[in-house]
2 protein chains.
Amino acid sequence: MAASTSLTLSQAALSRSAVPRHGSSTTATQQSTSLATLSIPTFSGLKSTSTSSSRAPTRRQVSSTRRRVIANAAVETLEKTDTALVDKSVNTIRFLAIDAVEKANSGHPGLPHGLCSDGDRFVLSAGHGCMLQYALLHLAGYDSVLEEDLKQFRQWGSRTPGHPENFETPGIEVTTGPLGQGIANAVGLALAEKHLAARYNKPDAEIVDHYTYCILGDGCQMEGIANEACSLAGHWGLGKLIAFYDDNHISIDGDTEIAFTESVDTRFEALGWHIIWVKNGNTGYDEIRAAIKEAKAVTDKPTLIKVTTTIGFGSPNKANSYSVHGAALGAKEVDATRQNLGWPYEPFHVPEEVKKHWSRHTPEGAALEAEWNTKFAEYEKKYAEDAAELKSIAEGVFPAGWEKALPIYTPETPGDATRNLSQTMLNALAPVLPGLIGGSADLASSNMTLMKMFGDFQKSTPEERNVRFGVREHGMGAICNGIALHSPGFVPYCATFFVFTDYMRGAMRISALSEAGVIYVMTHDSIGLGEDGPTHQPIEHLASFRAMPNILMFRPADGNETAGAYKVAVESRKRPSILALSRQKLPNLTGTSIEGVAKGGYTITDNSTGNKPDVILIGTGSELEIAAKAADELRKEGKAVRVVSFVSWELFEEQSEEYKESVLPSGVTARVSIEAASTFGWAKIVGSKGKAIGIDKFGASAPAPKIYKEYGITAEAVIAAAKEVC
Amino acid sequence: MAASTSLTLSQAALSRSAVPRHGSSTTATQQSTSLATLSIPTFSGLKSTSTSSSRAPTRRQVSSTRRRVIANAAVETLEKTDTALVDKSVNTIRFLAIDAVEKANSGHPGLPHGLCSDGDRFVLSAGHGCMLQYALLHLAGYDSVLEEDLKQFRQWGSRTPGHPENFETPGIEVTTGPLGQGIANAVGLALAEKHLAARYNKPDAEIVDHYTYCILGDGCQMEGIANEACSLAGHWGLGKLIAFYDDNHISIDGDTEIAFTESVDTRFEALGWHIIWVKNGNTGYDEIRAAIKEAKAVTDKPTLIKVTTTIGFGSPNKANSYSVHGAALGAKEVDATRQNLGWPYEPFHVPEEVKKHWSRHTPEGAALEAEWNTKFAEYEKKYAEDAAELKSIAEGVFPAGWEKALPIYTPETPGDATRNLSQTMLNALAPVLPGLIGGSADLASSNMTLMKMFGDFQKSTPEERNVRFGVREHGMGAICNGIALHSPGFVPYCATFFVFTDYMRGAMRISALSEAGVIYVMTHDSIGLGEDGPTHQPIEHLASFRAMPNILMFRPADGNETAGAYKVAVESRKRPSILALSRQKLPNLTGTSIEGVAKGGYTITDNSTGNKPDVILIGTGSELEIAAKAADELRKEGKAVRVVSFVSWELFEEQSEEYKESVLPSGVTARVSIEAASTFGWAKIVGSKGKAIGIDKFGASAPAPKIYKEYGITAEAVIAAAKEVC
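The model shown is predicted, which means the values in this text are computed figures rather than measured ones.

### With respect to the overall build of chain A
Looking only at helices and strands, chain A features 29 helices and 23 strands. Burial statistics for chain A: of 726 residues in total, 69% are counted as buried. Long-range pairs, those at least 24 residues apart, make up 78% of the contacts in chain A with a sequence separation of at least 6. Counting only carbon and sulfur atoms, one obtains 52% of the accessible surface of chain A, whose full area is about 21400 Å².

See below:
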């Protein structure tokens, strides 16, 4: 037998087109590129079609020319090829990895070394083996990874960083490295495919039809997040998710026998997966090929292909050893490996026949893409409305005026908990945002996250949009990252109690880093949740996220502020948002506004003149009401008091100096902040002469009003502090 | 059949004695209570033997009279009793739970309601069902939970908070509520037992021999942390861990079918557990009894007893419904349930025969304890050295002068990475601290955590002290909490890269809240780790822990500071510590000291007089060297410069105002801080006229010196800022 499944996988992974991605400019009216070129992918011969002259820009800007998987149809059509050429391709990848790690004197040669015979994927959950991914992109002709990039592995400003980063390197789908994240992202990507296929395919037009491949190692398998996500994948019956488990028995500390002796096969069987074991993962091309075929035949379950490999295969002295996991082989061992595998070439050399072999994917892929384009054009004629929705999701271009769906509140509107107001927003937005999809970690009725017009996304109802994540916060966050990075018009949201961000912070950081615009609906945001006590009451969480780069931390105070937070969150497709929401009822306050929220901090009421209040009272969320009450009292005593809502520190920081000065004039040092949370960080806002009222210890179990009183989070405390600082 | 297994479990859980627990006063010389009364438990008839007149003090002080499990021998000796009485006991517990939740109008009656027939435990992982635990403690005669406490369920200042808290209620072992934590704590408790038994038992004296029981529900089962910990429990063969899985098919969002359809039995089989299924968990006392017997007979594997129950059993209209999970039943349904189960009593009533039945455990337990005391006295004579060590662990009293084992450094000592210095400390402390035990999440060779004189704690070598956690950070943290709370003289440490605290923050918060003195050895603490890139480079993590209550965040700069951090961390048995350590080599600086670290912030060099420097440069960890270099340059230019190490903000905050003024005089507003991390929070230290140099974006993949330069974390930047603010 001689065929090229290892390469067909590459092609599946690489048959993409460049789709300019809109960030916060997401309304139809702002769209600057024609819908036709965006939604109907032009197969670019695996070259980037970025509008810049030769290469996409480096670093952050790169994600604006993000590529997207269209279909895996290419996998099915490749003819068989001879084993020698496959061997040679595999060795090319192997030595590109070895050479790059050697040049950087840093990196993890073990994984690309051991797994390159397994073929390609979309998500390299074992992200430390990213040289495999770079080598494949390079061979496939991606101009994002040229020979010079391979030589710059792990260097400043390169497109080949130490772990795969979607915002650095076109062709990389998601950012991995922290173990377990990638497989959970893959579950999200596969969910997205199943959902879109169910929603938009027609009996006469299968326009969504692709696989999600993932490679994960022992490290990923040990992480709890992987079990969470894989349990859901089994529950949802994600038949087009195919995960390769690189079973090499080596992790950084040595043989996995020292800490990992469970039966992974049996566990995945328990999780509802189909399991295939490829015993010879080093050179068993036929077995791997057969396994993929079998995996595809099983359509109601995800498949785990356990591929037993030798880490550092080919290295005569370091194969099968932890020493190959996280360090360069060394010049001597590189030579010995070259000898052993009969590889006479210079470092970074790609033999001509390998280049030629890979280049033939280009016309094949282009043909397939043209075929798909024709199919979609027909679909668009027949099903105009569906086509428009699908385009909206595929392109991240929202219907014009979507934000008008958000309600506006007045002080006369009866008060409500911001968690309930959040549900109002979700239900208002669901009809106008086709990509809005999400749910809660078994707290839907507490987090108030159900979109009432939809049913549950389940194995047999994948067209629905309420996702039931179960009590799996970390998996939930990473699955949402996968959904967000599948298509820029998806607006995934997920929910739990704010305190349990501690369980999914790993995924939330990756949202921020990888520019995945997930909306985190975090209710029960303070001691205001009452009786459940200190295990459930967040204290340090607001500060902890204010310190995190590229994430928006909102703490809305009422209806208008909840609406405002949603408006910014939906618009921010490249920056995740966290909404900290109250369990308890809050009044609609005078002066709050959607526009104010967009500025992060703004004045809600003020009886001073000339930008010279006697004192500025600053609150967030449920404590803005307290600040407003204190202001009323102080004004009765003749004080000129300004009340400022500080709903998002990040947005305020981004305003002009002039605007900031108009809200917090530097001449006014009499400032009091109140927030039912750690005071950490508030010194910057209230200044050294101001006073921050907050909670710098853990909470307590009691009815909320009692805790507020005992902890001194009261109007009386604000009044007293104001008098102190005035 | 008529016996009382459900009660034998209670007795196993409750046969404890009060062991005064030492906090930071841990040297033998400071010991104020005789060893004999401490180490040889006096069975107190299940009453607290606290020295206070009647009851132990409320809230935080309570943990100083913490109780400890001695042995489960009691379980074996109870005679059978009649079913009617068991029923009545079970109903008593059931209605105490119903009545307390009803009175509080808050709580989760479902679990105690459904599970009270399952008997007792040490760890209620499903912590929301804590009324089960309170009712059992009450029936068992614990004076920590009197009738008045039950009536004060979930009220301010009560001993019956909304979730079980070891620091509030004597008799509660660990703090649970956040799902999955408890089962992982139980793995830690069982590890501790297995370790102590292997180390101290002799062929003629089995002095350590007890079981760890745990109850977990569907929610715990879904959490990744539970899978992590249970995988390790199977790997370690923790045969004396018996977990009851309350399989009631209901979670908050409804039937578990909506998100949880995996086969839990098969998964646990894969993890190496013994599985027993009790099909009638509502009334099948015999089955439960038989299951416990079988579980004990399997000595090489932990056992999961899956107990199928009906949530809200006995409630005619709400049983088997999510509506019973998280809210009071309501007066009408409480009445209906009383009718249905034939319970004629007033709320909170305990029938006389039930009281009597439970009270008989007291003399039985006392007899067993006396037996053990005799055995230990013999052991002490024969094996004095072992007995002394075991006592040290059991009592938290460290050998006098242990801290002298810590090395002292001078600027002439060659520099080293603080992660390597940390390993030096661990290896210096291991011989003098018998309770020091720990390891890494598969990064031992990067975190430098091996104690070289010991082997690995494994199934067949449980007497060893290096623990191999695998890539399971969250499970690792919670297991260490269990070890810490098993015996106050355990000093558990665990390690990973600092950025991966994101994966175990849930457990770390519980360390802080539940006063578990775990030492978190967190290496690769900044962009200084270099090539692995932004997924691996912490930015916001220092700030995020500085905001967390009751945890010490250390960032030592060199040898003396690493030693100082370890000194405080070891002493702090009721406050966890995090040590952020460098990957890169750092010099030993002039002026650093162990004593300085204990104050959190201190001057290392100063050429000013009269406490009036021109400028104060403040650094932590690897950047203290940069501050020192900048000071050298500025002094050459004639400036009076003070350099302050700010190694632990929490400790500095606790110093006297006078001391603080001596380090950071309020008159000196020219201050510059430098730290390769988020500047969030530094405004409080440098003031509004100072300048904080840091990193408020994500890191990058490149060699460390290059990133430092590009990110402006340099002496030049400090000098420029100093000149600006002077």
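### Regarding the nonpolar core
Counting residues in each nonpolar core, the largest one holds 162 residues, and the members touching the most others are A:L617, A:I713, B:L617 and B:I713. Ignoring anything within four residues of it in the chain, the contact list for A:I713 reads A:I527, A:E623, A:I626, A:I674, A:E675, A:A676, A:I693, A:G694, A:I695 and A:Y708.

### Brief notes about the packing of aromatic side chains
The full count for this structure, using the stated rule, is 45 aromatic pairs over all chains. A ring pair is formed by A:Y134 and A:F153, whose centres lie 6.1 Å apart and whose planes are at 70 degrees; its orientation type is edge-to-face. Remark: A:F153 occurs in the loop between α7 (147–151) and α8 (181–200) and A:Y134 occurs in helix α6 (residues 130–139); sequence separation between them is 19 residues. On the numbers, 5.9 Å between centres and 25 degrees between planes, the contact of B:F376 with B:Y379 is stacked.

### Some words on the side chain of A:T605
Residue and element names in this part refer to chain A. Take T605: it is sitting in strand β19 (residues 602–606). In terms of polar contacts, T605 uses its side chain to reach the side chain of R635, at 2.8 Å. Sequence-distant contacts of T605, that is, excluding residues within four places in its chain, are made with T590, R635, V641, R642 and V643.

### Some points on the interface of chain B and chain A
Contacts between the two partners involve 99 residues from chain B, matched on the other side by 100 residues from chain A. Counting the surface lost from both chain B and chain A, the interface buries some 8000 Å², and carbon and sulfur atoms represent 58% of this. Taken together, the links from chain B to chain A amount to 8 salt bridges. Two residues, A:D532 and B:R154, come together in a salt bridge whose shortest N-O distance is 2.6 Å. If one sorts the elements of the side of chain B that touches chain A by residue count, helix α20 (residues 501–513) of chain B sits on top with 8 residues.

### A look at the sheet that holds strand β15 (residues 519–523) of chain B
Residues and elements named next belong to chain B. On the basis of which strands lie adjacent, the open sheet formed by 7 strands has the order β12-β13-β11-β14-β15-β17-β16 and parallel pairing. Single-partner strands in this sheet number two, and they are β12 (456–457) and β16 (552–554). Sheet analysis places strand β11 (residues 436–440) next to strand β13 (residues 466–468), joined by 3 bridges and oriented parallel. Bridge pairing in β13 places S440 opposite R468.

### Let's talk about the UniProt feature "binding site: Mg(2+)" (unreviewed entry) in chain A
Residue and element names in this part refer to chain A. Residues annotated by UniProt as "binding site: Mg(2+)" (unreviewed entry) correspond here to D218, N248 and I250. On the basis of their most widely separated C-alpha atoms, the annotated residues across 33 residues gather in one place, lying no more than 7.6 Å apart. Looking at the secondary structure, you find N248 in the loop between β5 (241–247) and β6 (250–251). Ignoring anything within four residues of it in the chain, the contact list for N248 reads D218, T309, I311 and N320. Inspection of the secondary structure puts I250 in strand β6. Residues within four places of I250 in sequence aside, it is in contact with D218, D255, T256, I311, N320, S321, Y322 and H325.

### Some points on the state of the cysteines
Tallying each qualifying case throughout the model produces 0 disulfides over all chains. Free of any disulfide, A:C130 has its nearest cysteine sulfur in A:C220, 13 Å distant. For A:C130, a relative accessible area of 0% corresponds to the buried category. B:C214 supplies the cysteine sulfur nearest to B:C230, a cysteine that is in no disulfide, at a spacing of 8.0 Å. What makes B:C230 buried here is its relative accessible area of 0%.

### Some remarks on the pattern of salt bridges
Counted according to the given criterion, the structure contains 70 salt bridges over all chains. Linking B:E633 and B:K636 is a salt bridge whose minimum nitrogen-to-oxygen distance equals 3.2 Å. Residue B:E633 and its partner B:K636 are both found in helix α24 (residues 624–636); the two are separated by 3 residues, about one turn of the helix. B:E633 gets classed as partly exposed once you look at its relative accessible area, which sits at 34%. The exposure class of B:K636 is exposed, given its relative accessible area of 65%. A cluster of three or more residues bridged by salt bridges with shared partners is formed by A:E653, A:E657, A:K660 and A:K684.

### Topic: the environment of A:S323
Residue and element names in this part refer to chain A. If you trace the backbone, S323 turns up in the loop between β9 (303–308) and α13 (331–340). Judged by relative accessible area, which is 29%, S323 ranks as partly exposed. A sequence separation of 159 residues divides S323 from P164, and the C-alpha atoms of the two residues are 22 Å apart.

### Describing unusual backbone geometry
The residue A:M448 is not glycine, and still its phi comes out positive at about 60 degrees. Within the secondary structure, A:M448 is located in the loop between α18 (444–447) and β12 (456–457). With phi around 65 degrees, B:R154 is a residue other than glycine that occupies positive phi space. With respect to the helices and strands, B:R154 occurs in the loop between α7 (147–151) and α8 (181–200).

### Here we look at the relation of the copies chain B and chain A
When chain B is fitted onto chain A, the two copies agree to an RMSD of 0.0 Å after a turn of 180 degrees and an axial shift of 0.0 Å. Such a combination of rotation and displacement between the chain copies is what one expects of a two-fold axis. Taking the C-alpha atom as reference, chain B places B:G224 closest to the rotation axis, 1.8 Å from it. Comparing contact sets, 100% of the residues at the interface of chain B also lie at the interface in chain A, consistent with an isologous, same-surface contact.

### Regarding the UniProt feature "active site" (unreviewed entry) in chain A
Within this numbering scheme, the UniProt entry marks A:E473 as carrying the feature "active site" (unreviewed entry). The residues contacting A:E473, other than those within four sequence positions of it, are A:E228, A:A441, A:T496, A:F500, A:Y503, A:M504 and B:E223.

### Side note on the sheet that holds strand β21 (residues 641–645) of chain B
All names here are of chain B. Read from one edge of the open sheet, 5 strands run β19-β21-β20-β22-β23, paired in mixed fashion. The outermost strands of the open sheet, each flanked by one partner alone, are β19 (602–606) and β23 (691–693). Neighbouring strand axes in the sheet, compared pairwise and without regard to direction, differ in orientation by 20 degrees on average. Sheet analysis places strand β20 (residues 615–619) next to strand β22 (residues 671–674), joined by 4 bridges and oriented parallel. Residue G619 lies in a different strand from β22, and its bridge partner there is I674. Sitting on the sheet, α24 touches β19, β20, β21 and β22, and the angle it makes with β21 is about 175 degrees.

### Some words on α8(A)
Across its 20 residues, α8(A) extends 28 Å between first and last C-alpha, which sits within 8% of the 28 Å expected from 1.5 Å per residue. Of all the 20 residues making up α8(A), 19 are buried; the element is thus mostly covered by neighbouring parts of the structure.

### Quick word on the packing of α8(B) against helix α19 (residues 473–486) of chain B
Residue and element names in this part refer to chain B. Viewed as axis vectors pointing N to C, α8 and α19 meet at an angle of 55 degrees, and their least axial separation amounts to 7 Å. As the angle between them shows, α8 and α19 are arranged oblique. Regarding α8 and α19, the two cross each other, and that crossing is right-handed. Where α8 approaches α19, its residues Q181, A184, N185, V187, G188, L189, L191, A192, E193 and L196 are matched on the opposing element by H474, G475, A478, I479, N481, G482, I483, L485 and H486.

### A few points about the side chain of B:T176
Relative to the elements of secondary structure, B:T176 occurs in the loop between α7 and α8. Only 2.7 Å separates the side chain of B:T176 from the backbone oxygen of B:L124, close enough to count as a polar contact. Residues within four places of B:T176 in sequence aside, it is in contact with A:T535, B:V123, B:L124, B:S125, B:G127, B:H163, B:P164, B:G182 and B:N185.

### Topic: the pairing of strand β4 (residues 212–217) of chain A
Here is the key point about a regular strand: its side chains alternate between the two faces of the sheet. Residue and element names in this part refer to chain A. For β4, a buried count of 6 out of 6 residues is recorded, marking the element as mostly surrounded by other parts of the structure. Where burial is concerned, the two faces of β4 agree: the one with T212, C214 and L216 and the one with Y213, I215 and G217 are both buried. Here strand β3 (residues 123–124) runs beside β4; their pairing, made up of 2 bridges, is parallel. Of the residues in β4, the one forming a bridge with L124 is I215.

What counts, and at which threshold
- Residues numbered from 1 in each chain as written.
- Chains lettered and ligands numbered in written order.
- Predicted model: local features only at pLDDT ≥ 70, side-chain atom pairs only at ≥ 80, totals over all residues.
- Heavy atoms only, no water.
- Helix = DSSP H or I, 4+ residues; strand = E, 2+ residues; numbered from the N terminus.
- Buried < 20%, exposed > 50% of the residue type's maximum accessible area, 1.4 Å probe, protein only.
- Contact = heavy atoms within 4.5 Å.
- Areas by Shrake-Rupley, 256 points an atom, 1.4 Å probe, with all protein chains shown as cover.
- Core = buried A, V, L, I, M, F, W, Y, C linked by side-chain atoms within 4.5 Å.
- Phe/Tyr/Trp six-rings, centres within 6.5 Å; stacked < 30°, edge-to-face > 60°.
- Polar contact = N/O pair within 3.5 Å; in protein donor to acceptor, adjacent residues only side chain to side chain.
- Buried area = accessible area lost by both parts, 1.4 Å probe.
- Salt bridge = Lys/Arg side-chain N within 4 Å of Asp/Glu carboxyl O.
- Pairing = 2+ DSSP bridges.
- UniProt positions renumbered as here; feature names shortened; annotations may be inferred.
- Disulfide = S-S within 2.5 Å.
- Least-squares fit on C-alpha atoms with pLDDT ≥ 70 in both.
- Axes fitted to C-alpha atoms, helices over the stretch in contact; angles between N-to-C directions.
- Expected span 1.5 Å × (residues − 1).
- Parallel < 35°, antiparallel > 145°, perpendicular 65-115°, else oblique.
- Left-handed = near helix turned anticlockwise from the far one by under 90°.

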